[in-house]
Amino acid sequence: MSGVRVRFAPSPTGELHIGGARTALFNYLFARASGGTFILRIDDTDLERSRPEFTTALMEALHWLGLEWDEGPFFQAQNLDEYNREAARLLEEKKAYHCYCTPEELAAGREEARKQGKPYRYPGTCRNLSQEEERAFLAEGRSPVIRLITPDEGETAVDDMIRGWVVFDNSTLDDFIIVKSNGLPTYNFASVVDDARMRITHVIRAEEHLSNTPRQIICARALGYELPLYAHVPMILAPDRSKLSKRHGATSVEEFRAKGYLPEALLNYLALLGWSPGEEEILDLAAMIERFSLERVHKTAAIYDVAKLTWLNGHYLWEADPVRLTQLALPFFQAEGLIAENPGEEDLQYLQKVIETVRSRVKTLGELAEASTYFYRDQFEYDSKGVQKHFNKEGTAELLRKAAETLEKLPVFDLESTETAYRDLAASLGVSSGRLIHPTRLALSGRTMGPGLFELMVVLGREQAVKRLLAAAAYIETTLN
Ligand code: GLU
């Protein structure tokens, strides 16, 4: 193990967003590439919005993606004593102070700044209160917050591993709150205390936190901590360059999982959001670890492109080990009502065959189940265009009956024998093979397109194939003639 220690620190206030998952992935890759430690911290000090079920779901999503952490989960809400101790130390060292300003007083200040067209900055009203003044406020029943004294002048520079130096004017920062009036630490404060306590060497997080970083640096210095290195990974924007939101479709790992995306596809896609691995874009975790470096992470926003993710998913669906894919696909077939809750060995073997027949034609597990329904149901409607085109021709019922008869007589029922039988039958009847093949496909699947006809037929099995051919012939005779 090297000395590198990184953390992924989600707030358990919702599902794992793809931006969060990408942050987790980059932290994971950085840790693995440098022989370091990847830590999971749950930033749950927002007691109102944090929920244990979100923590469970976050961890489940990370497991599903294969991003295993080495230490944790550590919960900030279980560390309140430590924040209080550190806040007390800052108060004692006169680096922080109690502020008794009421929300109304602060709002009035904000309103005044707005009128003057200036950005609001807390003016430090309570910086130098005397003990008597403090006592008087307490007697009034006011509960104070704790603010950190920040320098009024000068600059705070962030040496960002992705962006280089980013300099902030201290006059734009104010004495920010580190402990709220309910006694809970703010994000900036808890994060700084924990990053130090957990000996984090590199803070790798979303760009939207860059503006928090000067505050965290000032706070860490006030506490006498050694600073970690920072890397802010670029934003993920929608194709129209707006903020990615629900209206752009699925945005959480859970949603992609539910639609039937494979973890390796999602991971691969996330890796490409803001990082250039080089020539090869199809990468598993091991290949990503081998190539990963923060230097190759972009400064500019990444544009989210679901078509690319879907394309990658199709690729991985095709590549996946059939037994594993069968396990992954099973719930989707169950959700469609195609397979029972407790399938037997035979059901699973059949499912595997179905999957191997259909998977090259679909992009997600959801589509896979949808495209496979006719392997499980013989009651389906025939595609109406197909009926016009292939069933409505003179003599089709007769052709289908002949085909059924031929299949029934075959000594073996496999790819080769069925295909040869069809070609021979067409030749002997003096029709093109298409004239037999198209209505057969419609008869067997209700559809005009799908996997290779003879593959489909063999997976269905002789009995089903014959039954469906005869049913189609009867349909044509009773309905169309
Ligand atoms: N809880 C913060 C978030 O989810 C963590 C940010 C950080 O990594 O410091 O955005």
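Residues numbered from 1 in each chain as written. Predicted model: local features only at pLDDT ≥ 70, side-chain atom pairs only at ≥ 80, totals over all residues. Heavy atoms only, no water.

Undergrad: Would you mind going over the overall build of the chain with me for this structure?
TA: The helix and strand inventory of the chain stands at 20 helices and 12 strands. Here the C-alpha atoms of the chain give a radius of gyration of 32 Å, more than 25% beyond the 23 Å that 2.2 N^0.38 yields for 481 residues. By principal-axis analysis of the C-alpha atoms, the chain measures approximately 110 × 45 × 40 Å. Contacts in the chain between residues far apart in sequence, at least 24 positions, make up 77% of those at least 6 positions apart. As displayed, the chain has an accessible area near 23400 Å², and 51% of this comes from carbon and sulfur atoms. Counting 56 positive and 71 negative side-chain charges, the chain places the averaged centre of each group 3 Å from the other. (Helix = DSSP H or I, 4+ residues; strand = E, 2+ residues; numbered from the N terminus. Rg over C-alpha atoms; globule rule 2.2 N^0.38 Å. Contact = heavy atoms within 4.5 Å. Areas by Shrake-Rupley, 256 points an atom, 1.4 Å probe, with all protein chains shown as cover. Lys, Arg positive; Asp, Glu negative; His and termini not counted. Charge placed at Lys NZ, Arg CZ, Asp CG, Glu CD.)

Undergrad: Could you clarify how one ought to interpret the nonpolar core in this entry?
TA: Counting residues in hydrophobic clusters, the biggest one holds 110 residues, and the most contacted among them are L25 and F333. Discounting chain neighbours no more than four positions away, the residues touching L25 are L67, L267, L270, A271, L285 and M288. Among the nonpolar cores identified, the runner-up in size contains 20 residues, and Y83, I178, V192 and V193 belong to it. (Core = buried A, V, L, I, M, F, W, Y, C linked by side-chain atoms within 4.5 Å. Buried < 20%, exposed > 50% of the residue type's maximum accessible area, 1.4 Å probe, protein only.)

Undergrad: Please clarify how the packing of helix α16 (residues 396-409) against helix α18 (residues 433-445) should be interpreted in this entry.
TA: Helix packing geometry: the angle between the two helix axes and the distance between the axes. It is the contact of α16 with α18, at a shortest axis distance of 10 Å, that shows an interaxial angle of 85 degrees. On the basis of the axis angle, α16 is roughly perpendicular to α18. Here T396, L399, L400 and A403 of α16 lie close against α18, whose contacting residues are R435, L436, P439 and T440. Classifying every residue of the contact of α16 with α18 by side-chain character gives 5 nonpolar, 2 polar and 1 charged. (Axes fitted to C-alpha atoms, helices over the stretch in contact; angles between N-to-C directions. Parallel < 35°, antiparallel > 145°, perpendicular 65-115°, else oblique. Nonpolar A, V, L, I, M, F, W, Y, C, P; charged D, E, K, R; others polar.)

Undergrad: How do you make sense of the packing of aromatic side chains when you look at a structure like this?
TA: Where two aromatic rings form a pair, the distance of their centres and the angle of their planes describe that pair. Under the criterion given, the structure shown has 14 aromatic pairs. On the numbers, 5.2 Å between centres and 55 degrees between planes, the contact of W275 with F292 is tilted. Within this pair, whereas W275 is found in the loop between α9 (263-272) and α10 (285-291), its partner F292 is found in the loop between α10 and β12 (302-303), the two being separated by 17 residues in sequence. Neither residue differs from the other here; W275 and F292 are each classed as buried. Both rings, one in Y382 and one in F391, keep their centres 5.1 Å apart while their planes meet at 75 degrees; by these two values the pair is edge-to-face. We note that Y382, like F391, is buried. Its end group placed over the ring of Y122, R147 keeps NZ or CZ at 3.5 Å from the ring centre. (Phe/Tyr/Trp six-rings, centres within 6.5 Å; stacked < 30°, edge-to-face > 60°. Lys NZ or Arg CZ within 6 Å of the ring centre and 35° of its normal.)

Undergrad: In this structure, what is going on with the pairing of strand β7 (residues 164-169)? I would like to understand it.
TA: Within a regular strand, the side chains alternate between the two sheet faces. In terms of strand pairing, strand β6 (residues 155-160) meets β7 through 6 bridges, oriented antiparallel. Along β7, the bridge assignment pairs D160 with G164. What sits between the antiparallel neighbours β6 and β7 is a turn of 3 residues. (Pairing = 2+ DSSP bridges.)

Undergrad: Could you clarify how one ought to interpret the layout of surface pockets in this entry?
TA: Rolling a probe over the atoms, with the probe sized like a water molecule, indicates the empty space that remains. The calculated volume of the largest pocket comes to roughly 1100 Å³. Residue lining of the largest pocket: 41 residues in total, with S11, G20, A206, E208 and H209 positioned closest to the centre. Among the elements that line the lining of the largest pocket, the one with the most residues is helix α1 (residues 18-33), at 4 residues. Of the residues contributing to the lining of the largest pocket, the split by class is 15 nonpolar, 14 polar and 12 charged. Size it by volume and the second largest pocket reaches roughly 230 Å³. Taken together, L91, E92, K94, A96, Y97, H98, C126, R127, N128, L129, E134 and I149 form the lining of the second largest pocket. Counting only elements with at least two residues in the lining of the second largest pocket, the list comes to α3 (80-92) and β4 (96-99). No other element matches β4, which puts 3 residues into the lining of the second largest pocket. Grouping the constituent residues of the lining of the second largest pocket by class yields 6 nonpolar, 2 polar and 4 charged. (1 Å grid on protein atoms, 1.4 Å probe; cavity = no way out; pocket = protein on both sides within 12 Å on 5 of 7 lines; lining within 4 Å. Points joined across faces, edges and corners; volume = space filled by probe spheres on them.)

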